[in-house]
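What follows is the residue order along each chain.
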Amino acid sequence: MSLNKKQIQHLKALAHDLKPVVLLGSNGLTEAVIAEIDFALNHHELIKVKIPTDNRETKGLIVEAICRETEAEKVQVIGKTLIIYRQSEDKKIQLPKG
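In this report, we go over the structure that sits alongside the text. All chains use their own residue numbering, which begins from 1 and follows the written sequence. Confidence filtering applies because this is a predicted model: local features only for residues at pLDDT of at least 70, side-chain atom pairs given and counted only at 80 or more, and all residues used for totals across whole chains, interfaces and linings. Calculation of side-chain values draws on the structure's entire complement of heavy atoms; hydrogens and water are dropped beforehand.

Some thoughts on the pairing of strand 4 (residues 81–85)
Across the five residues that make up strand 4, a large majority, five, are buried. Each residue is assigned to one of three classes by its accessible area relative to the maximum for its type, calculated with a 1.4 Å probe on protein chains only: buried under 20%, partly exposed between the two thresholds, exposed over 50%. Helix and strand assignments follow DSSP, with helices taken as H or I runs no shorter than four residues and strands as E runs no shorter than two, numbered in order from the N terminus. Where burial is concerned, the two faces of strand 4 agree: the one with T81, I83 and Y85 and the one with L82 and I84 are both buried. Alignment of strand 2 (residues 46–50) against strand 4, held across five bridges, turns out to be antiparallel. Paired with K48 across the strands is I83, a residue of strand 4. DSSP bridges decide pairing: two strands pair if at least two such bridges lie between them. Judged from the five bridges that link them, strand 3 (residues 73–78) and strand 4 form a sheet pairing that is antiparallel. The residue bridging Q76 from the neighbouring strand is I83, located in strand 4. Counted between consecutive antiparallel strands, the loop separating strand 3 from strand 4 contains two residues, among which G79 sits at a positive phi close to 60 degrees.

Printed below as a string of structure tokens:
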């Protein structure tokens, strides 16, 4: 599933007031962190993840890995915060049509 511009704008607006629910620690992206992100996505659909690195390449690789492992869509990366979305079976968030 890929998001169009209108859907991304809608999700960005919804994510504005959210606090990060997962914070990567000094061990980086572990299986436990992936499991926690997966659980949070099942529960919330739209979450923020804090990635504590200043290295752009490292951050990019972490973002790619998170999206690939959790099958989530990247909505936005602002500084050290990643916003991702994955629709659950409950479809809590109604996305606008194209």
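Moving on, there is more to tell.
Describing the sheet that holds strand 3
Across the sheet, four strands lie side by side as 1-2-4-3; this open sheet has mixed pairing. Two strands in the sheet have a free side with no partner beyond their single neighbour: strand 1 (22–23) and strand 3. Whether two residues touch is decided by their heavy atoms; if any such pair falls within 4.5 Å, the residues are in contact. Fitted lines through C-alpha atoms give the axes, limited to the stretch in contact for helices. The angle between two N-to-C directions lies from 0 to 180 degrees. Helix 2 (residues 31–44) contacts strand 1, strand 2 and strand 4 of the sheet and is inclined by roughly 155 degrees relative to strand 2.

Quick notes on the environment of L3
Inspection of the secondary structure puts L3 in the segment before helix 1 (5–15). In this structure the C-alpha to C-alpha distance between L3 and K74, which are 71 residues apart in sequence, comes to 9.0 Å. Ignoring any residue separated from it by four or fewer positions in sequence, one finds L3 in contact with I8, L11, E73, V75, Y85 and L95.

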